[in-house]
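Listed below, chain by chain, are the residues.
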Amino acid sequence: MSDSALGLRLPPKQGNKKGTEVRTRLKELGILRDTGHEHLRGCITFPLLDENGNVAQLYGRRIDNGGKQKIAHFYLPRPHGGVLNREAFNATDEIILCESVIDAMTFWRYGYRNVTTAFGTNGFTDELHNALVANNIKRILIAYDSDDAGNKAADELAAKLLKDNFELFRITVTKQAKDINNYAQIAAKGETKNDNARNWLGLLIRNATWLGKGTKPNLTTELPEIFHPKPAKPVAAKQEKIPEAVEPKPSSLATTNGSTASSLAAEPVEAKAAQPPIASPVPPAPKEIEAKVGEKEITIEIGNRSYRVRGLEKNLAFDVLKVNVLVRRDELFYVDTFDLYAARARGVFVKEASMELGFEPETIKRDLGKVLLKLEALQDQNIEDTLAAQDETIELTDKDKQAALDLLKQPNLIQRILADFTACGVVGEETNKLVGYLAATSRKLDKPLAVVIQSSSAAGKSSLMDAILRFVPNEEQVGYSAMTGQSLFYMGGMELKNKILSIAEEEGVAQASYALKLLQSEGQLTIASTGKDASTGRMETQEYHVEGPVMIFLTTTAIDIDEELLNRCVVLTVDENREQTRAIHDQQRKNETLAGLLANQGSSAVRKLHQNAQRLIRPLLVVNPFADKLDFVDDRARRRRDHMKYLTLIRSIALLHQYQREIKSASIGDETVQYIEVEMTDIVLANRLADQILGRSIDELPPQTRRLLMELFDLVRKQCEQQQLKQSEYRFTRRFVRENLGWGQTQVKLHLERLQEMEYVLTHRGSGGRTEYELLYDGRGREGQPTMCGLIDVARMTTTKPLSGPAASSSGQTGASSGSDRPVVGAMSEPASNGSLAKTNGKPR
């Protein structure tokens, strides 16, 4: 580009002999005018070289609409000389001859490199003619403008060249486009842009009209697939369109056999597309090089150069090819890590490697092109294999499928799951094993559970998580030891939907806790980040999306866990008492015996059975017909998330039993959805598990506080019976407690505060600003087992007889098990719960 800055780069002319000499020489060459201004200022310049590689002439094309004089084309004020793209003459026997440099560069831009130019319509020089003859060029495609001057010059040139036994063709465009450059600009406005222009230029070449040389050849050469025309016509902006036929001026030339030359009136493109191409403008693809592919590296030998490539297996995206490349020649070598798709990085490698090894840069450049093409082929295969592995569906044999169905249809499925855990060597932890298994199953739901296993070091939290995950198919879980803060946001290429994301230690995801919280709450992650556009190299905002939902599984030794993460998860606490330790020791010793070794061998079959069963579980919708009768404690805002954990636990139990339920359907507009319904036994089991994982034990209370709680329960129950109130409707004061139980003011105040902290009592602001209390404790757990206050008494939810059987008897929720001296309330048509917190104005007597 000549930008009038040449004078600033020359030595000063005032008092400087060298500056005067340089300017004088530049004026003699015509680069500077007598006024000292650049002759080609405001132009893009192109050199034309002689046979020795010296610059013989410069062509300049103004880019400011020709300036004041409206002149667009400039040459140095000296005879025309030199040939554009002289290198192509040695590499091919066919040349595309254009009228101007810009037209030639258009062909070059879109991949047609066997191109050169004359100096305008009357500028076909003897030097250019001699170069064509000396290099044994066989075919010439004349691509002069399709106006009167261009057609006339093409006819005259053809008459001259036919005498030299060249085979001639005429490339023409429409009168609307006039020249090759305009034609390509119109074509590039279509939807496919550059490829569109490339294809249309290919059509022009294929439809080039044969002008002469003996008998018209019977050509059978096939054109590469990329140049075949597309079925639809390209869409151009501003109503401009590429013509279906070229319209050249009829030629007056005679063929060598005396007949009139072939008419240049072209047939429609669609008709000619199926014909074999007349010209072959693109050289054949280079022969694929051989590569030795190892486990960790790829070796490619080219001549006396050896290229070793590492890191290709990490490139699983089509727009990135970042590898470590080492090029060696004898004892010399150069190594660098860079993206082969980055032109600047390739240029640096070529420059440095050529200097280090003593080769010409063009040699390393050609080698690198061959290496890139070979690596692309290997990368495509790697990506295809990876996608095939991800999409691979495990096909169960009829025998395995039937065994898995038999398991899922067992009436005592819950007891069977616990027994299979024991058979696999996991002793104790009945509630934790079952809740973990149900949470893993919940990955099929739209809002799955999240689990944190908490214990001290070496207590067995990791063993418990591993035991649960071994019952889940490997293709439906993703495990990490740690995660960085932003890593989750950039996992869009990995399929996480309806899978388990397990992390070995919660401390390993401390930086990623924000992303984990969003993924659990929202079911997806989206981040806007700044990145470089692969095509333009410019920085732009790029969006990354991770699709959920995902079941999150963590372990931790921390006592204080991030509160925001904790209240989104179900926390399982490992049993660390002495009896559990003794049971583990017994199991460890048993594993050393012959019976233990045989049992361990059989455990793989048990795990495979459960994995197959998990594969058969479908992500059905779950409807809870008892939802409006359920109760849950609502003493504080975080109970909102606890309530969703409870409801999701119920849905997970129902989902696990889907092969024992009727699959129903409902219509939503034109769509039909399938669902199963929750049964009462699901709620019974969920209540029992909620007691363990969400509840508290009164053994955590100091003895005197526990004594006050028991006396308060008996007193409040008596008052509710007398006043015919629900427990959630009854309020009492400290004075009422002192007067009826005989406790002192300090004792009542201290112990009520402890009960409030432990969520057995809820405070209310009464009339006159006084503090009133509501008893949340429902009388269960007197023996010290954990209980969750506020859950519905299942026996009171139905008008039928109370539940019986293993599930009901184990729930601890029926009237008979609600307390040692608590009366059994009969069945009711409306919900009447233990500890329902309805807001009424019931007053103590």
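For the structure given in this document, a descriptive report is provided here. (Residues numbered from 1 in each chain as written. Predicted model: local features only at pLDDT ≥ 70, side-chain atom pairs only at ≥ 80, totals over all residues. Heavy atoms only, no water.)

### Describing the sheet that holds strand S3 (residues 73-75)
Turning to step 1, where the next piece is worked out: The three strands lie next to each other as S1-S2-S3, forming an open sheet whose pairing is antiparallel. Since the sheet does not close on itself, it has two edges, and those belong to strand S1 (43-49) and S3, each with one partner. Along the sheet, successive strands turn relative to each other by an average axial angle of 20 degrees, direction set aside.
Turning to step 2, where the next piece is worked out: Pairing geometry for S1 and strand S2 (residues 55-62), over seven bridges, is antiparallel. Bridging from a neighbouring strand, Leu49 pairs with Val55 of S2. (Pairing = 2+ DSSP bridges. Helix = DSSP H or I, 4+ residues; strand = E, 2+ residues; numbered from the N terminus. Axes fitted to C-alpha atoms, helices over the stretch in contact; angles between N-to-C directions.)

### Digging into the side chain of Lys499
Turning to step 1, where the next piece is worked out: Structurally, Lys499 can be placed in strand S16 (residues 499-503).
Turning to step 2, where the next piece is worked out: If we skip the residues at most four places from it in the chain, Lys499 touches Arg443, Glu475, Glu476, Gln477, Val478, Pro549, Val550 and Met551. (Contact = heavy atoms within 4.5 Å.)

### Examining unusual backbone geometry
Turning to step 1, where the next piece is worked out: Of note, Asn136 is a non-glycine position whose phi angle comes to about 55 degrees, a positive value.
Turning to step 2, where the next piece is worked out: By the element assignment, Asn136 lies in the loop between helix H5 (126-134) and strand S6 (139-143).
Turning to step 3, where the next piece is worked out: Of the residues examined, Asn136 reaches a relative accessible area of 57% and is grouped as exposed.
Turning to step 4, where the next piece is worked out: A positive phi is found at Asn498, a non-glycine position, where the angle reads about 60 degrees. (Buried < 20%, exposed > 50% of the residue type's maximum accessible area, 1.4 Å probe, protein only.)

### Structural notes on the pairing of S16
A regular strand places its side chains so that they alternate between the two faces of the sheet.
Turning to step 1, where the next piece is worked out: Counted residue by residue, S16 has five buried out of five residues, so it is predominantly covered.
Turning to step 2, where the next piece is worked out: Across the two faces of S16 the burial is the same, with Lys499, Leu501 and Ile503 and Ile500 and Ser502 all buried.
Turning to step 3, where the next piece is worked out: Relative to S16, strand S15 (residues 477-480) is paired through four bridges, and the arrangement is parallel. Its bridge partner lying in S16, Gly479 is registered against Ser502.

### Looking at the packing of helix H13 (residues 413-423) against helix H14 (residues 430-441)
Turning to step 1, where the next piece is worked out: It is at 10 Å that the axes of H13 and H14 come closest, and there the two elements cross at 110 degrees. Taken as axis vectors, H13 and H14 run roughly perpendicular relative to one another. Relative to H14, H13 is oriented so that their crossing is right-handed. Two secondary-structure elements touch here, H13 through Ile414, Ile417, Leu418, Phe421 and Thr422 and H14 through Glu430, Lys433, Leu434 and Tyr437. (Parallel < 35°, antiparallel > 145°, perpendicular 65-115°, else oblique. Left-handed = near helix turned anticlockwise from the far one by under 90°.)

### Some details on the packing of aromatic side chains
To describe a pair of aromatic rings, one takes the distance between the centres and the angle between the planes.
Turning to step 1, where the next piece is worked out: For the coordinates displayed, the defined rule picks out 13 aromatic pairs.
Turning to step 2, where the next piece is worked out: Taking 6.2 Å as the distance between ring centres and 90 degrees as the angle between the ring planes, the aromatic pair formed by Phe107 and Tyr112 counts as edge-to-face. For the pair Phe107 and Tyr112, one class covers both residues: buried.
Turning to step 3, where the next piece is worked out: The ring of Tyr112 carries Arg198 above its face, with NZ or CZ at 5.9 Å from the centroid. (Phe/Tyr/Trp six-rings, centres within 6.5 Å; stacked < 30°, edge-to-face > 60°. Lys NZ or Arg CZ within 6 Å of the ring centre and 35° of its normal.)

### A word on the packing of helix H23 (residues 734-741) against helix H24 (residues 745-757)
Turning to step 1, where the next piece is worked out: Where H23 contacts H24, the axes come no closer than 10 Å and their chain directions differ by 120 degrees. In this view, H23 runs oblique relative to H24, as classed from their interaxial angle. Where H23 crosses over H24, the handedness of that crossing is right-handed. On H24, the residues that touch Arg734, Val737 and Arg738 of H23 are Gln745, Val748, Lys749 and Leu752.
Turning to step 2, where the next piece is worked out: When its residues are assigned to classes, the contact of H23 with H24 shows three nonpolar, one polar and three charged. (Nonpolar A, V, L, I, M, F, W, Y, C, P; charged D, E, K, R; others polar.)

### A short note on the sheet that holds strand S12 (residues 322-329)
Turning to step 1, where the next piece is worked out: Pairing in this open sheet of five strands is antiparallel, and the strands run S9-S10-S11-S12-S13 from one edge to the other. At either end of the open sheet lies a strand with only one pairing partner, and these are strand S9 (292-293) and strand S13 (332-339).
Turning to step 2, where the next piece is worked out: Sheet topology places S9 next to strand S10 (residues 297-302); two bridges connect them, and they run antiparallel. Pairing of Lys292 across the sheet is with Thr299, part of S10.

### Overview of helix H2 (residues 17-29)
Turning to step 1, where the next piece is worked out: Between the first and last C-alpha of H2 there are 19 Å, a value that for 13 residues agrees with the 18 Å anticipated at 1.5 Å per step.
Turning to step 2, where the next piece is worked out: At the C-terminal side of H2, Gly30 shows a positive phi close to 95 degrees. (Expected span 1.5 Å × (residues − 1).)

### A word on helix H20 (residues 639-656)
Turning to step 1, where the next piece is worked out: Taking 1.5 Å of rise per residue, 18 residues should cover 26 Å, and H20 covers 26 Å from first to last C-alpha, within 8% of that figure.
Turning to step 2, where the next piece is worked out: For H20, the buried fraction is high: 13 of the 18 residues fall into the buried class.

### Observations regarding the pattern of salt bridges
Turning to step 1, where the next piece is worked out: On inspection of all chains with the given rule, the structure shows 20 salt bridges.
Turning to step 2, where the next piece is worked out: A salt bridge links Glu476 to Arg443; its shortest N-O distance comes to 2.6 Å. You can see Glu476 sitting in the loop between helix H15 (461-469) and S15 and its partner Arg443 sitting in the loop between H14 and strand S14 (451-454), a full 33 residues away along the chain.
Turning to step 3, where the next piece is worked out: Measuring nitrogen to oxygen at the nearest pair gives 3.8 Å for the salt bridge that ties Arg731 to Glu774. Taken together, the positions of Arg731 in the loop between helix H22 (703-723) and H23 and Glu774 in strand S25 (residues 771-775) put the pair 43 residues apart, joining distant regions of the chain. (Salt bridge = Lys/Arg side-chain N within 4 Å of Asp/Glu carboxyl O.)

### So, the environment of Ile663
Turning to step 1, where the next piece is worked out: Within the fold, Ile663 resides in the loop between H20 and strand S22 (664-668).
Turning to step 2, where the next piece is worked out: Residue classification places Ile663 among the partly exposed residues on the basis of a relative accessible area of 33%.
Turning to step 3, where the next piece is worked out: C-alpha of Ile663 to C-alpha of Gln674: the two residues are 11 residues apart in sequence and 6.5 Å apart in space.

### Comments concerning the pairing of strand S11 (residues 305-310)
Turning to step 1, where the next piece is worked out: Counting buried residues along S11, five of its six residues qualify, which places the element largely inside the surrounding structure.
Turning to step 2, where the next piece is worked out: Turn length for the S10-S11 hairpin, with the two strands adjacent in sequence and antiparallel, is two residues, and the turn residue Gly303 shows positive phi of about 60 degrees.
Turning to step 3, where the next piece is worked out: Here five bridges tie S11 to S12, and the two strands are oriented antiparallel to one another. When the sheet's bridge partners are listed, Tyr307 is paired in S12 with Val327.

### A closer look at the side chain of Gln57
Turning to step 1, where the next piece is worked out: With respect to the secondary-structure elements, Gln57 resides in strand S2.
Turning to step 2, where the next piece is worked out: A relative accessible area of 0% places Gln57 in the buried class.
Turning to step 3, where the next piece is worked out: In terms of polar contacts, Gln57 uses its side chain to reach the backbone carbonyl oxygen of Pro79, at 3.3 Å.
Turning to step 4, where the next piece is worked out: When sequence neighbours within four positions are dropped, the list of residues in contact with Gln57 reads Phe46, Pro47, Leu48, Tyr75, Leu76, Arg78, Pro79, His80, Gly81 and Phe119. (Polar contact = N/O pair within 3.5 Å; in protein donor to acceptor, adjacent residues only side chain to side chain.)

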